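These are the residues of each chain, in order.
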Amino acid sequence: MVCSRCAQENPPGSRFCSACGATLAAEGAPGVRKTVTVVFCDLVGSTALGERSDPEVLRELMARYHAELRAILERHGGTVEKFVGDAAMAVFGIPQVHEDDALRAVRAAVEMRDAVAPLGLEVRIGVNTGEVVAGSGETLVTGDAVNVAARLEQAAGSGEVLIGEATEPLVREAVRREPVEPLALKGKSEPVPAYRVVELLAEVPAFTRRVDAPFVGRERELAALEVALSAAVEGREPQLATIVGPPGIGKSRLARELLARADARVLVGRCLSYGEGITYWPLAEMVSQVGDLGAAVRGDDAELTAFRIGAALDPAGGAVSPEEIAWGFRKLFERFARERPLIVVLDDIHWAEPALLDLVESVAAFAQDVPLLLLCMARAELFETRPSWTAPRANATLVTLEPLAGAETESLVEQLGDVPEETKARIVEAAEGNPLFVEQLVAMRAESGDGELEIPPTLQALLAARIDRLAGEERAVVARGSVEGRLFHRSAVAELLPEPERAQVGSHLLTLVRKELIRPDAATVPGDDGFRFGHILIRDAAYEAIPKRQRADLHERYADWLASRLAEQAPAEILGYHLEQAYRYRAELGIPDSSLGERAAERLAAAARAARNRQDAAATVNLAGRAVEVAPPGPLQRKLLVELGEGLHEVGELERAGERFEEALAVARADGDEHVEWLARVWLAVLRIRREPEGAAELAFAESEGAIAAGEAAADHELLARAWRTTAEAHNLRGQAVQQAEALERAREHARAAGDLALQVDCVMHSVPPILFGDVPVGEGLRHVDRMLAELGEIPAVQGFALHVAGHMHAREGRHGEALEAIEEWRRTLRELGLEAQLATSGTCAWDVCSLAGDWARGEEFLRETYEELVRMGEKSFRSTVAAQLGEAALRQGRLEEALRYTEVSEEIGSSDDHMNEAAWRAVRAQVLAGRGEHEAAVTLAREAVELAEGTDYLEFVAEAWLKLAEVLRATGGDAGAPASEALARYERKGNLVGAARARALLDELPAELTGRP
């Protein structure tokens, strides 16, 4: 068996790799998913070469060609999968992923192109990056990335290196390239972007950071480094300081800040992650910064010092021990430090060879009486190979960098670019305090605009490499943890591992903590240990490496474990999610499991109903929609279609809601499911009221009667509750508040019998309009609020709704500021819960408060927002009333023609059954006509409005109609006293102090003989 980690061949049946110790995949196992970079290289003109060359000469030439390519590819860390004739294919990222695989591949490609030229040959090369499945056997990797790399090679010209769209951002800082015309590649439906490599830029690291990136936070860490520097300079005591942290946390930026503030000479070297002869590479970089080495090492031992340093840089120059090399560099550093304080910077020492680490520790220990600071930067992996680095020493400082605080991260985002607040919040959340992540996300946003925040491929490569460097058992542990999520538990990981590997879970978890991939966290499963991934992207990288077939198995096993561990306390949403993932992966692989889909749907449906009970509409739609998608045809799916339609109605997606109800109706009729059929029919009647109100009340009454008859025959309380709720909707359209309240009470009784808490809450909330605008006095309305809270106050939506009812009452008492604040708080609650349908209509509640306060302009703002949202929803019933209210807002602000147009809209889209709307637009139009001098028509319309209003049960609405008639009569020279007195009597009966004051003010303006008052 071939190890997928190190490619070592192992005897059949082996469980662990003999070379690296990794757990071997079972025969036939699906391998692992990785993002790799694939290189295809082919010889140009090979046919012509064969025709003109002697076979023996050609054989020798091709052997040298193949050997040269293999050597170059393997030197850069690539794995050669095959040579087929003149073509070679190699993969970078197998057996181990590196964050710079793409750059390694491009460097190898350019080197291959140049290396074959002396042989009199030319090649063309394609390089592409993408996700593949890596396994053992004849085919190392499979995936579209391989196909595209091959097509890029075929499209390349002689001596050309083409790289794919996914490779380009991973190498752009290190490669000069130019785009080519998008390529029409075989097997691809759309042209594929590609780039021609023009030039490699020398000595550019895989991830180039902004040198000018702002310095944010880190004051405490900087102070610790300054103390070490001060000890070295002022006390002439050489110091070793190490900055430790995960990739991107800001190690280099902190070092640069220290160097910028220091008055010292600086030598810098960077450890390389791969290559030949790299042991002393950082020291060679420093020597290149010195200039003339001979001149730099003056003194009695200058010749010996130069010899030993030279031997380190050129091993062919002589046999010198590591201790002697360390002595030579110590002498060099001491020589410079005596002239001026010296800071020796060594970056990425977690890549360093043991000999270099020995040298650094030797210099730190034996350098004497010089102002020298050895400043190192490393990831926590350093301590795995060199645990002694953490040992307390008098002249050693260890600075560990943690993520930036939230405010610091926000500050960094602001300094890096002009980012909208919403995008800034998403970046802060996604970056989780990692400065590199912030910079990359801001840069990605600058390139792609304000769409969805995407994770830059550079970060994905960086994190995937960290995961892939783990030992096989550690990777298995972190993969199992990723299945549970960002937060996971020790027992769950153990459960998902093979039995023989479970005993070591605890030690592997501790190792992962030390490597800063995970950290301990509070457990949510009693009696267990909890852990959290250090960053959500680390979890994602670990999860993405799991093949989909294995993901399906692990998700199902995790759901079973959680259900058995927590029993009835297991969250339905979490169980549903894991079963859903298991079902989806199996379906995607062509092996769907309907029983698994039904289990997932049952759990998701339970979670959707819980969300509905707490009035979380957005969650209801999400969960019910997912449940519908995985449920097999049958009773559960039929019922879920209705529940999804109801949720869509609540979030204002009326068209989509109708589609779901129609679908439910069709399958219910086909399957003989009378219960679901009637539920769908009464819901479609409600939608008819919303979308096409003319004649909708009659249809709703008819459908409700049929549903009630069917429900009573079957003792179906769920159907009876929904049917009576639909009856209430029809009464509401006709302004029949008393009958509406009676129907709601019947609906509530049946909802209670059916155990439908959400419908009970809905009935309570919709029973309030008669209290707000009917003949219930203001004081009694406030007491109703107290009763509502006592009964259902634990539900956030009810709390907000009760607050808003109190706001309406306070507005009638003249407490407008307090009232509007209550309405706004309720609107915030609706927004948080995703109750878009209620939110859309709530603007009229704010209008009610503003109109009572005489703040017409602000009230109009609320109405316009409401009107636009109702247009988007395709709603007409409520919008017709809003149009009439907008007409009044325009009228009160002197815009008569605009007011008239709104009344025309209200008349056009409203229902003739809707007496309140019919009265509302007539009253506004009457005032417009009065203002235009059309007195007779104005009075006629105003009297029609009063007659229509009197046909409703809404006392305040009647009072308003009488008051508007009085205003019209006053404007046209008629007798306004009697209508104004009618309005006053009704306002006083209601306890509406503001309305009563308006009526009195109008009466006070009239001659006494017209009012009958002294």
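Along each chain, residues carry numbers from 1 onward, in the same order as the chain's sequence is written. In view of the model being predicted, local features appear only for residues whose pLDDT reaches at least 70, and side-chain atom pairs are presented and counted only at 80 or more, with totals across whole chains, interfaces and linings using the full set of residues. Working from all heavy atoms in the structure, the side-chain values ignore hydrogens and water.

Chemist: Talk me through the overall build of the chain; I want residue IDs and the actual numbers.
Modeler: In terms of helices and strands, the chain carries 46 helices and 16 strands. We take the radius of gyration over the C-alpha atoms and set the globule estimate at 2.2 Å times the residue count to the 0.38 power. For 1014 residues, the compact-globule estimate of 2.2 N^0.38 gives 31 Å, and the chain exceeds it by more than 25% at 38 Å. Counting only C-alpha atoms, the chain reaches 125 × 70 × 65 Å along its principal axes. The cut-offs for exposure are 20% and 50% of the maximum accessible area for each residue type, with area from a 1.4 Å probe on protein chains only; residues under the lower value are buried, those over the upper are exposed, and the others partly exposed. Burial statistics for the chain: of 1014 residues in total, 55% are counted as buried. Here, two residues are considered to be in contact whenever any of their heavy atoms come within 4.5 Å of each other. If you take every contact in the chain between residues at least 6 apart in sequence, the share linking residues at least 24 apart comes to 67%. Where accessible areas are quoted, they stem from the Shrake-Rupley method and a 1.4 Å probe; at the residue level, only the protein chains shown are allowed to cover. For the chain, the accessible area works out to roughly 42500 Å², and carbon and sulfur atoms hold 50% of it. Charged-residue counts in this description rest on Lys and Arg as positive and Asp and Glu as negative, His and the chain ends being excluded. Working definition for charges: the position is that of NZ of Lys, CZ of Arg, CG of Asp or CD of Glu. Of note, the chain has its 112 positive side-chain charges centred 2 Å away from the centre of its 166 negative side-chain charges. Only DSSP runs of H or I with at least four residues qualify as helices, and only runs of E with at least two residues qualify as strands; both kinds are numbered from the N terminus onward.

Chemist: A description of the sheet that holds strand β16 (residues 530-533) should follow, citing residues and the corresponding values.
Modeler: Any two strands with at least two DSSP-identified bridges between them are counted as paired. With respect to topology, 3 strands assemble into an open sheet ordered β14-β16-β15, the strand pairing being antiparallel. The outermost strands of the open sheet, each flanked by one partner alone, are β14 (487-489) and β15 (518-521). When strand polarity is set aside, the average angle formed by the axes of neighbouring strands in this sheet is 35°. Pairing of β14 with β16, which is carried by 3 bridges, proceeds in the antiparallel orientation. Looking at β16, one finds that L487 is bridged to R532. Against the sheet, helix α18 (residues 472-484) engages β14 and β16, with an angle of about 120° to β14. Across the sheet, helix α20 (residues 505-514) is in contact with β14, β15 and β16; its angle to β15 comes to roughly 115°. Each axis is a line fitted through C-alpha atoms, taken for helices only over the stretch in contact, and angles between the N-to-C directions span 0 to 180 degrees.

Chemist: Give me the lowdown on the packing of aromatic side chains, citing residues and values where you can.
Modeler: Each Phe, Tyr or Trp ring (for Trp, its six-membered ring) is paired with any other whose centre lies within 6.5 Å, and the angle between the two planes then decides the class: stacked below 30 degrees, edge-to-face above 60, tilted in between. On inspection of all chains with the given rule, the structure shows 8 aromatic pairs. Note on F661 and W683: the rings are 5.3 Å apart at their centroids and 10° apart in plane angle, and the pair reads as stacked. One end of the pair, F661, is in helix α27 (residues 654-671); the other, W683, is in helix α28 (residues 674-691), and 22 residues separate them in sequence. By relative accessible area, which is 5% here, W683 ends up buried. When the centroid spacing of 5.8 Å and the interplanar angle of 75° are considered together, the rings of F801 and W826 count as edge-to-face.

Chemist: So what's going on with the pairing of strand β2 (residues 79-84)? Which residues, and what values?
Modeler: Pairing of β2 with strand β3 (residues 87-92), which is carried by 5 bridges, proceeds in the antiparallel orientation. Within β3, the residue paired with V80 across the bridge is A90.

Chemist: Describe α27, and please don't skip the residues or the numbers.
Modeler: Between the first and last residue of a helix there are one fewer steps than residues, each counted as 1.5 Å, and that sum is the expected span. Taking 1.5 Å of rise per residue, the 18 residues of α27 would be expected to cover 26 Å, and the 26 Å separating its terminal C-alpha atoms lies within 8% of that figure. Taken together, the buried positions of α27 are L654, A657, G658, R660, F661, A664, L665 and A668. When α27 is viewed along its axis, its buried side chains cluster within an angular range of 160° and face the same direction. Among the exposed residues of α27, those pointing more than 90 degrees away from its buried face are E655 and A670. The inward-facing, buried residues of α27 contact α26 (635-650), α28 and α38 (856-873). At the C-terminal side of α27, G672 shows a positive phi close to 70°. An arc is given here, and it is the one of the directions from the helix axis to the C-beta atoms.

Chemist: A description of the confidence of the model for the chain should follow, citing residues and the corresponding values.
Modeler: Detailed reading of the predicted model is not advised wherever pLDDT is low. Chain-level pLDDT for the chain is 87 on average; 91% of the residues reach the 70-or-more range. The predictor attaches a confidence to each residue, and that confidence, scored 0 to 100, is pLDDT. For the stretch residues 19-29, pLDDT sits under 50, and the model shows 28 contacts to residues farther than four places along the chain or on other chains. In this model, residues 204-211 is a region of pLDDT below 50 whose contacts with residues beyond four sequence positions or in other chains number 21 contacts.

Chemist: Quick rundown of the packing of helix α22 (residues 548-566) against helix α23 (residues 572-588)? Include the residues and the values.
Modeler: Interaxial distance between α22 and α23 falls to 8 Å at its minimum, and their mutual angle equals 155°. Our classification of the angle between α22 and α23 gives roughly antiparallel. Pair α22 / α23 crosses with left-handed handedness. Touching K548, R551, A552, D553, H555, E556, Y558, A559, L562 and A563 of α22 are I574, L575, Y577, H578, L579, Q581, A582, Y585, R586 and E588, all from α23. Here the residues of the contact of α22 with α23 are counted per class, giving 11 nonpolar, 3 polar and 6 charged. The cut-offs work like this: below 35 degrees is roughly parallel, past 145 is roughly antiparallel, 65 to 115 is roughly perpendicular, and the gaps in between are oblique. Left-handed describes a crossing whose near helix is turned anticlockwise from the far helix by less than a right angle; the clockwise case is right-handed. Under the scheme applied, nonpolar residues are Ala, Val, Leu, Ile, Met, Phe, Trp, Tyr, Cys and Pro; charged residues are Asp, Glu, Lys and Arg; polar residues are all the others, including Gly.

Chemist: Lay out the pattern of salt bridges in plain terms, naming residues and giving numbers.
Modeler: Take a side-chain nitrogen of Lys or Arg and a carboxyl oxygen of Asp or Glu: if they are within 4 Å of each other, that pair is a salt bridge. This model, assessed by the stated rule, comprises 94 salt bridges. Salt bridges linked by common partners bring E888, R892, E960, K964 and E967 together as one network.

Chemist: Please provide a residue-by-residue account of unusual backbone geometry, values included.
Modeler: I94 connects to P95 through a cis peptide bond whose omega is 5°. Among the structural elements, P95 can be located in the loop between β3 and α3 (101-115). Phi at A567 is positive, roughly 55°, even though this residue is not glycine. Tracing the backbone through its elements, the reader meets A567 in the loop between α22 and α23.

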